[in-house]
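So the chains spell out like this:
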Amino acid sequence: MSTTALILITVGLGLASFAYGRSQAYRVAKTNGGIRGLHSLPSHYGMMVALWCALPALAVIISWKLIEPSLISSMLNETVPQAIMEAGEKTVELYKNEINNLVDSQVISSIQDPAKLATAERLANLRNTSSLALVVIALVIAIMGAALALRKITPTTRARQIVETIVQVFLISCASLAILTTLGIVMSVMFESIRFFQQVSIVEFVTGTQWSPQTAIRADQVGSSGAFGAVPLFLGTLLISFIAMLVAVPFGLMSAIYLAEYASRPVRNVCKPLLEILAGIPTVVYGFFAALTVGPALRNMGDWIDQMLGNFGMEFQLSVSSESALAAGVVMGVMIIPFVSSLSDDVITAVPQAMRDGSYGLGATRSETVRKVVIPAALPGIVGGILLAVSRAIGETMIVVMAAGLAANMTANPLESVTTVTVQIVTLLTGDQEFDSAKTLAAFALGLMLFFVTLCLNVIALQVVRRYREQYE
Amino acid sequence: MSQPESRKPVDTTARVKASLNKRYAAEKRFRLYGIVAIGASIGFLFLLLASIVSKGLPAFTQTFVKLDVALSTESLGLPETPSAQELRAANFSGLIKQTLRDRFPEVSSRGDKKALYSLISTGAEYELYDRVAAKPELLNSTLTLWVPADDELGSIIKSGADLTNPDSIVTRMNDKQIGWAKELQDAGDLDVRFNSTFFKNGDSREPELAGIRAALMGSAFTLLITFTLSFPIAVAAAIYLEEFAPQNRWTDIVEVNINNLAAVPSIVFGLLGLAVFINYFHMPRSAPVVGGIVLSLMTLPTIIISSRAALKAVPPSIREAARGLGASPLQVVTHHVLPLAMPGILTGTIIGLAQALGETAPLLMIGMVAFIVDIPQSVTDAATVLPVQVFLWADSPERAFLEKTSAAIMVLLVFLILMNALAVMLRKRFERRW
């Protein structure tokens, strides 16, 4: 029986025991002067029975499924041939994987090698026993739970309190999942990074200027020592984010000011959703656009300028790379415009009208009011919004993966191709790689950097925005 | 010292009047900047959409070539009544080639023959086999079959190029091939029809056979997992934080955490998925179930934040009235507050799911970039999703994949627009002003 079916059956049992528990409660009520005689509503009793029935069984199923693979794997050891056992842990792992795949694809009968056949049969056996045992145990626990709870349907049982406590615990654990996620992120990137820094020194990683993440297959290979200096990646990320902010901040801010201070209601009602559409377009679409439309267009424009300058007798080469930082940066900037504009719009509209009225009263024009009164008052909020936008730009992946290059150049020229932290994470982890090599571990070290930097920016930005809000509320 | 001068009476009115023109000009300029900024942003949106639509529209049609295939058992090397197995092993590819040779008898050299065969998609033989396998009576008769043309031929026919003037066509095809194409066209054996393959097939190396069905199913399974996980958890978390949480340190930490998670780059969630679910729990790579879990972790903060806003919008008087009638705190929430906040919560959920539907980067990390030909049947089958399919196709050099990519983007955008429209509708229909 598949796990899904078992879970569904358990849930079904829970529902059935709810109905039965409730009717049982009505029956008990009859002999105790109606529902008034019970401590809780009949549905509370039903709920209590259902929870007692389903929860322990589900817990058993889930923990069983978590432990099962490693338990079966260790029980398989005795059938693994001696030669393979001695060849080291990796070979054993490979062998077991092969057997697993054979059993999964149900071709046991066609196995020729007797040793493999023995292991495969043992594995199939163990799996059958395990799933059968799980079904029996889970169902017994469910029925016993329900039976126990049914005996507790008495006028004095505080069923509502019991149910509500369980629900409260559920609510709390859901809310705490956020902390668990953060912990999970920190731990997963941290552990792999520590393993990376055991192979490559942290100083080299943070200050090195050579990035060529190769690890040797043979020790005597040419260029066997990979270089893991991440400075070119950091600079590339900064360059592209900087270009993006050069586009996003003026356009986003001016759009927000216009929408908040100048636009009539109909204009606002049309323009705001249109800007929001810009925010809703998936980043992979922006990446496609940057790589296949904006990049080539910029390149052609560069060639055209070269030609024009050549006509005037100037020997000048712009030489725009088709994967230029400019193309990726500009498109990323456009993607961030709605982000900047909606955050700025919020803070600008939060500035009290009295401040504007004061300014108008002194004879200032609208633009003077905006520049000298509204913007300075909203500045902390705007800065917070821009910081959030920067963190967005640094973490943006698809646009740069598709439109920026792979070569780790150290350059400040936006027409050349640069690479970024996120691009390298994707390239390092999407190839066929052994998981323990320095190459894949480097991706986690980069991820750690990325997480740390964006986290700092976010914390500062959220703090600033919150302070600002409190100031005017 | 210089005091007496500044005390000199000045004609303020005159100074203000003199500066007025300049100030008004500045006012106009400032206003113009705002209009330019909005105009540019919206202009870019339309440029983007126009470029995608113009590139993608041709992908919804496909060029077909008419072939009259003489299905003699002899030429297929089959006995009179072949078994299913024999039929499967039959040389349909050879038969198609034979048909093409018969159609153009003048073609004789090896190179020319190869060029001729390449006018037809390699999928033609499978289509022929499917037809015969479904209806074996067709054997020993002549079957008129419309098979997809190869992508190069397909795209020049769709672009309406002038075949009489081969020099005007930018293509990888040589002049002879264009000549044959002309002959086919004149005989009415070329036709442009709706491209149903695009919605029926999985991925393929051949652009004319590639479709988005596998990616669509993958997206559907992934979103299903995301919804079943993130919706109940987010609602529960929001209820706790908004209705029950005491004002203490723990609550503060949880809130700060949620706000920060909402701004963590999506690729970091992919790293989490790779390290925890794939490497630690050994869950299957490339499976929608892992993708769904990762995406639900990613969308949880968004849904929690909007659900909290929806719960907060329910006025306290409702809660007080329910409490006054003797409801327990949990009953207040489940019987009154939650139903009233549901439209808002659903709106937030749909927006969060739309975000998850368009997400690519974290799925690359957990191996959903595989080349998927088979349509996934369950949440544990290897699958890819629509945005990742776009990413994969965007890398392909064939020109025909460019239009496929744009068409896939159009499909993706249609789904996103539908979801957002649903969210807006929900908000409009059920929004209550208290």
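Residues numbered from 1 in each chain as written. Chains lettered and ligands numbered in written order. Predicted model: local features only at pLDDT ≥ 70, side-chain atom pairs only at ≥ 80, totals over all residues.

**Q** Would you take a moment to explain the overall build of chain B for this structure?
**A** When its secondary structure is counted, chain B shows 19 helices and 3 strands. Taken over C-alpha atoms, the radius of gyration comes to 32 Å for chain B, far larger than the 22 Å a tight globule of 434 residues would show. Overall, the C-alpha framework of chain B stretches about 110 × 75 × 40 Å when taken along its three principal axes. In chain B, buried positions account for 43% of the 434 residues. Taking contacts inside chain B between residues at least 6 apart in sequence as the whole, the part at least 24 apart equals 75%. (Helix = DSSP H or I, 4+ residues; strand = E, 2+ residues; numbered from the N terminus. Rg over C-alpha atoms; globule rule 2.2 N^0.38 Å. Buried ≥ 20, exposed ≤ 12 C-beta atoms within 10 Å, placed from the backbone. Contact = placed C-beta atoms within 7 Å.)

**Q** How should the overall build of chain A be read in this particular structure?
**A** Along the backbone of chain A there are 16 helices and 2 strands. The C-alpha radius of gyration of chain A comes to 32 Å, more than 25% above the 23 Å expected for a compact globule of 473 residues. Counting only C-alpha atoms, chain A reaches 95 × 75 × 35 Å along its principal axes. Counting across all 473 residues of chain A, residues that qualify as buried make up 40%. By sequence separation, contacts in chain A at least 24 residues apart represent 75% of the contacts at least 6 residues apart.

**Q** What am I meant to see in the pairing of strand β1 (residues 61-70) of chain B here?
**A** Regular strands place their side chains on alternate faces of the sheet. Residues and elements named next belong to chain B. Where β1 and strand β3 (residues 190-194) come together, 5 bridges link them in antiparallel fashion. Each residue of the ladder has a partner; that of Thr 63, found in β3, is Val 192. As paired strands, β1 and strand β2 (residues 142-148) are joined by 7 bridges and run antiparallel to one another. By the bridge assignment for β2, Val 69 is matched with Leu 143. (Pairing = 2+ DSSP bridges.)

**Q** Honestly, the domain arrangement of chain A in this entry has me stumped. Any pointers?
**A** Size of an interface: often given as the accessible area lost when the parts come together. Domain boundaries assigned for chain A yield domain 1 (3-157) and domain 2 (227-472). Inter-centroid distance (C-alpha atoms) of domain 1 of chain A to domain 2 of chain A is 50 Å. (Domains from an automatic or database assignment.)

**Q** How do you make sense of the confidence of the model for chain B when you look at a structure like this?
**A** Close inspection of predicted coordinates is inappropriate in any region flagged by low pLDDT. Model confidence for chain B is summarised by a mean pLDDT of 87, while 98% of its residues fall at 70 or above. Two numbers describe this predicted complex: its pTM, 0.87, and its ipTM, 0.87. (pLDDT = per-residue confidence, 0-100.)

**Q** Is there a simple way to think about the interface of chain A and chain B in this case?
**A** Contact residues are listed per partner, giving 69 residues for chain A and 65 residues for chain B. With 20 residues, the single largest contributor to the side of chain A that touches chain B is helix α6 (residues 159-199) of chain A. Here the residues of the side of chain A that touches chain B are counted per class, giving 45 nonpolar, 20 polar and 4 charged. (Nonpolar A, V, L, I, M, F, W, Y, C, P; charged D, E, K, R; others polar.)

**Q** Even after reading the chapter, I still don't get the packing of helix α8 (residues 231-262) of chain A against helix α11 (residues 325-350) of chain A, so can you show me in this structure?
**A** Axis angle and axis distance: for two packed helices, these are the angle between their axes and the distance between the axes, and together they describe the pair. Residues and elements named next belong to chain A. One way to put it is that α8 packs onto α11 with a least axis distance of 6 Å and a crossing angle of 35°. In this structure, α8 meets α11 at a crossing whose hand is right-handed. Of the residues that constitute the contact of α8 with α11, the class distribution is 25 nonpolar, 7 polar and 1 charged. (Axes fitted to C-alpha atoms, helices over the stretch in contact; angles between N-to-C directions. Left-handed = near helix turned anticlockwise from the far one by under 90°.)

**Q** In this structure, what is going on with the nonpolar core? I would like to understand it.
**A** Soluble globular proteins tend to bury their nonpolar side chains together. The biggest cluster of nonpolar side chains holds 196 residues, and the ones touching the most others in it are Ala 290, Ala 328, Val 331 and Ile 399 of chain A together with Ala 237 of chain B. Considering every element that reaches this core, the biggest residue donor is helix α11 (residues 213-244) of chain B, with 18 residues. Dropping the residues within four chain positions of it, Val 331 of chain A is found in contact with Tyr 286, Phe 289, Ala 290, Val 294, Ile 399 and Ala 403 of chain A. (Core = buried A, V, L, I, M, F, W, Y, C linked by C-beta atoms within 7 Å.)

**Q** I keep staring at the domain arrangement of chain B and nothing clicks. Help me out?
**A** Residues and elements named next belong to chain B. Looking at chain B, the domain boundaries give domain 1 (3-57), domain 2 (60-200) and domain 3 (213-430). Taking only C-alpha atoms, the centre of domain 2 and the centre of domain 3 are 45 Å apart. Contributing elements (two or more residues each) for the side of domain 2 that touches domain 3: α8 (151-158) and α10 (197-200).

**Q** Honestly, the sheet that holds β1 of chain B in this entry has me stumped. Any pointers?
**A** Two pairing modes exist for strands in a sheet, parallel and antiparallel, and in both the strands are linked by backbone hydrogen bonds. Residues and elements named next belong to chain B. A sheet is described by the order of its strands in space; here 3 strands give the open sequence β2-β1-β3, paired in antiparallel fashion. Each of the sheet's edge strands pairs with one partner strand only, and the pair in question is β2 and β3. Looking at each pair of strands side by side, their axes are set apart by 40° on average, direction ignored. Helix-sheet contacts for helix α7 (residues 124-134) involve β1 and β2, and the interaxial angle to β2 is about 140°.

**Q** What is the right way to read helix α13 (residues 366-395) of chain A from this model?
**A** Each α-helix turn comprises 3.6 residues. Residues three or four places apart therefore point the same way. Here α13 of chain A spans only 37 Å end to end across 30 residues, well under the 44 Å set by a 1.5 Å rise per residue. At Leu 379 of chain A, α13 of chain A shows its largest bend, some 60°, and a proline, Pro 380 of chain A, comes one to four positions later. (Expected span 1.5 Å × (residues − 1). Bend = angle between axes of the 7 residues up to and from the residue.)

**Q** Honestly, helix α15 (residues 421-430) of chain A in this entry has me stumped. Any pointers?
**A** Across the 10 residues of α15 of chain A, 8 count as buried, placing the element largely inside the fold. Within α15 of chain A the residues assigned to the buried category are Val 421, Thr 422, Val 423, Gln 424, Ile 425, Val 426, Leu 428 and Leu 429 of chain A. At its buried positions, α15 of chain A is contacted by α8, α13, α14 (398-403) and α16 (438-472) of chain A together with α13 (266-280) and α17 (361-365) of chain B.

**Q** So what exactly am I meant to see when it comes to the packing of helix α5 (residues 92-103) of chain B against α7 of chain B here?
**A** Residue and element names in this part refer to chain B. The contact between α5 and α7 brings their axes to 9 Å, and the two run at 110°. Taken together, α5 and α7 sit at an angle that is classed as roughly perpendicular. Along its contact with α5, which presents Phe 92, Ser 93 and Ile 96, the element α7 presents Ala 124, Glu 125, Leu 128 and Tyr 129. Of the residues belonging to the contact of α5 with α7, the class tally is 5 nonpolar, 1 polar and 1 charged. (Parallel < 35°, antiparallel > 145°, perpendicular 65-115°, else oblique.)

**Q** Please clarify how the environment of Arg 429 of chain B should be interpreted in this entry.
**A** All names here are of chain B. With respect to the helices, strands and loops of the structure, Arg 429 is situated in helix α19 (residues 399-430). Overall, the presence of 8 C-beta atoms within 10 Å leaves Arg 429 in the exposed class. Separated by 86 residues in sequence, Arg 429 and Pro 343 have C-alpha atoms that sit 8.8 Å apart.

**Q** So what exactly am I meant to see when it comes to the environment of Thr 73 of chain B here?
**A** Residues and elements named next belong to chain B. With respect to the helices and strands, Thr 73 occurs in helix α3 (residues 73-76). Residues Thr 73 and Asn 140, spaced 67 residues apart in sequence, show a C-alpha to C-alpha distance of 6.1 Å. With near-sequence residues (within four places) excluded, Thr 73 lies in contact with Leu 78, Pro 79, Glu 80, Pro 82, Leu 139 and Asn 140.

**Q** Would you mind going over the environment of Ala 275 of chain B with me for this structure?
**A** By the secondary structure assignment, Ala 275 of chain B is in helix α13. Ala 275 of chain B gets classed as buried once you count the C-beta atoms within 10 Å, which come to 22. A sequence separation of 90 residues divides Ala 275 of chain B from Met 365 of chain B, and the C-alpha atoms of the two residues are 9.7 Å apart. Setting aside residues up to four positions removed in sequence, Ala 275 of chain B forms contacts with Ser 188 and Glu 192 of chain A together with Tyr 280 of chain B.

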